[in-house]
Amino acid sequence: MTAWLAANLAPVMFGALVLFLLTGYPVAFSLAAVGMLFGWIGIELGMLTPALLQALPDRVFGIMRNEILLAVPFFTFMGLILERSGLAEDLLDTIGQIFGGSRGGLAYAVVFVGALLAATTGVIAATVIAMGLISLPIMLRYGYHPQLATGVIAASGTLAQIIPPSLVLIVMADVLGRSVGDMYKGALLPSLILTGLYALYVFANTQLWPERAPALPSEARTLHGRALARRVVLALIPPLALIFLVLGTIFIGWATPTEGGAMGAVGALILAAVKGRLGRAMLIESMAATARITSFVIFILIGASVFSLSFRGVDGDLWVEHLLTSLPGGVLGFLIFVNLLVFLLAFFLDFFEISFIVLPLLAPVATKLGIDLVWFGVLIGVNMQTSFMHPPFGFALFYLRSVAPPSVRTSDLYWGAVPFLAIQLFMVGLIIAVPGLVSWSLDGAPTAGDPAEVVLPASGGSSLLDSGEFEGLFGPPPSDSSP
């Protein structure tokens, strides 16, 4: 039994982690507990040395010193301040007045505002709840089909998962060892295409089933002319300016993501102050929520670090690598299997948990197969968007259910999410089929598999070493001529 356990400790350790997670125990502590338990078992079996676990304090302090992760509280605080300052309400009302006169106008407004809020706040829960409270009652009042209304609100809210400045892109950049700026650049075009596909689905509904998305009557559109133009300027210019301040400075290299997040937080405070909504209570609530979310991320990362240390010590990384590289189909077979795995895990795990548990196991295999890790991270990020839309466990559906009126059935939420879930999966396939959607804006750095040419000087080395002063210093040792 001992010999079998020593030969199969890695898969047993991975299975134990799955069992721990299924019990509902907190993920951070499950990871740390399994890592410590199997670290001790590995020491008893002679597979590990106690000195390996002594590296844990250095790992924990390394996480705390990580400047990339400092962007997480900055962007979280920025999003919470903007959400509490009424940005969503102003945007939805303004865009609804602009597009409300056309069929599906309110749905287009939700998609556009969802993308804009994703680029400013990056907080999915806040976006879905705000749009559910403001837009859903209006859409239902004027005859929108409940499935279309709920589906477009939930899907547009999840755009915060992939549109920069997304928290999951920051986390994946740290896990994959890549630049946050490159992750942002790579995700920009796929996120815009995904937004366009949502709008295209709304357009298809207006053409095939016009009664599902009627235009607003004239009495519902209260702003016209100069009043509407003034509202557009006041509602759109501030968030657009903040987007340029944060993302523009990162993309053009004027600021690091951490610095961009700090500027965004300051900009959010200024916008809230200008609106007259920056109060003591809002500040305390936003700071407390930021501390909770940041602590959640850091604790999961510490637990994942404990688990990965023991897992690699028992050659778990080699087991995973052998398992995945032996899949049929080469790179394509690996990508199909990985995306199916992430899609299924998203039924039960949050995107942070997938990033910290699964991604570190997949990244070395992707590197060995010659896959660019920025492209791979964006692909997985789009796939993990489905974790918010999965019936019956999607968090976006839970958020929307909490604010939806009683007339909206839970089945409407689920069936409304299915078409947008299919669109997200289509986007995953599109990125695999057209890798340039991600790599077009990245610097053409050579991949790990590119050969490098090394040219040696014709003289055979440095002229200094060939001088008489070093004669015999690097030559063969003298032969032993002693009797």
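- If you check an unreviewed UniProt entry, the chain appears there as TRAP transporter large permease protein from Thermochromatium tepidum ATCC 43061.
- Turning to the chain, the UniProt annotation filed under Function (unreviewed entry) states: "Part of the tripartite ATP-independent periplasmic (TRAP) transport system."
- Taken from UniProt, the Subcellular location (unreviewed entry) comment for the chain reads in full: "Cell inner membrane".

1. Thoughts on the overall build of the chain
And then number 1: A count of helical and extended segments in the chain gives 23 helices and 0 strands.
And then number 2: Within the chain, buried positions represent 48% of all 483 residues.
And then number 3: Summed over its atoms, the accessible surface of the chain is roughly 22300 Å², and 68% of this surface lies on carbon and sulfur atoms.

2. As for the pattern of salt bridges
And then number 1: In this structure the tally under the stated criterion is 2 salt bridges.
And then number 2: Residue Asp412 is joined to Arg409 by a salt bridge in which the shortest nitrogen-to-oxygen separation is 3.3 Å.
And then number 3: With relative accessibility at 53%, the residue Arg409 sits in the exposed group.

3. Remarks on the nonpolar core
Most often, soluble globular proteins keep nonpolar side chains buried together rather than apart.
And then number 1: One finds Phe75, Met139, Val152, Phe334 and Phe376 to be the most contacted residues of the largest nonpolar core, which totals 141 residues.
And then number 2: In this structure, Val152 is in contact with Ala107, Val110, Val111, Met139, Val202 and Phe420, ignoring residues within four places of it in sequence.

4. Things to note about helix α2 (residues 9-22)
And then number 1: The end-to-end C-alpha separation of α2 is 20 Å, in line with the 20 Å expected for 14 residues at 1.5 Å each.
And then number 2: Among all positions in α2, only Leu9, Ala10, Met13, Ala16, Leu17 and Leu21 are buried. Seen end-on, α2 carries its buried residues on one side only, within an arc spanning 135°. Seen from the open side of α2, the exposed residues pointing more than 90 degrees away from its buried face are Leu19 and Leu22.
And then number 3: On its buried face, α2 sits against α1 (2-7), α3 (27-44), α15 (280-313), α16 (316-325) and α18 (351-357).
And then number 4: Positive backbone phi, at 90°, marks Gly24, one or two positions downstream of α2.

Rules used throughout
- Residues numbered from 1 in each chain as written.
- Predicted model: local features only at pLDDT ≥ 70, side-chain atom pairs only at ≥ 80, totals over all residues.
- Heavy atoms only, no water.
- UniProt positions renumbered as here; feature names shortened; annotations may be inferred.
- Helix = DSSP H or I, 4+ residues; strand = E, 2+ residues; numbered from the N terminus.
- Buried < 20%, exposed > 50% of the residue type's maximum accessible area, 1.4 Å probe, protein only.
- Areas by Shrake-Rupley, 256 points an atom, 1.4 Å probe, with all protein chains shown as cover.
- Salt bridge = Lys/Arg side-chain N within 4 Å of Asp/Glu carboxyl O.
- Core = buried A, V, L, I, M, F, W, Y, C linked by side-chain atoms within 4.5 Å.
- Contact = heavy atoms within 4.5 Å.
- Expected span 1.5 Å × (residues − 1).
- Arc of directions from axis to C-beta.

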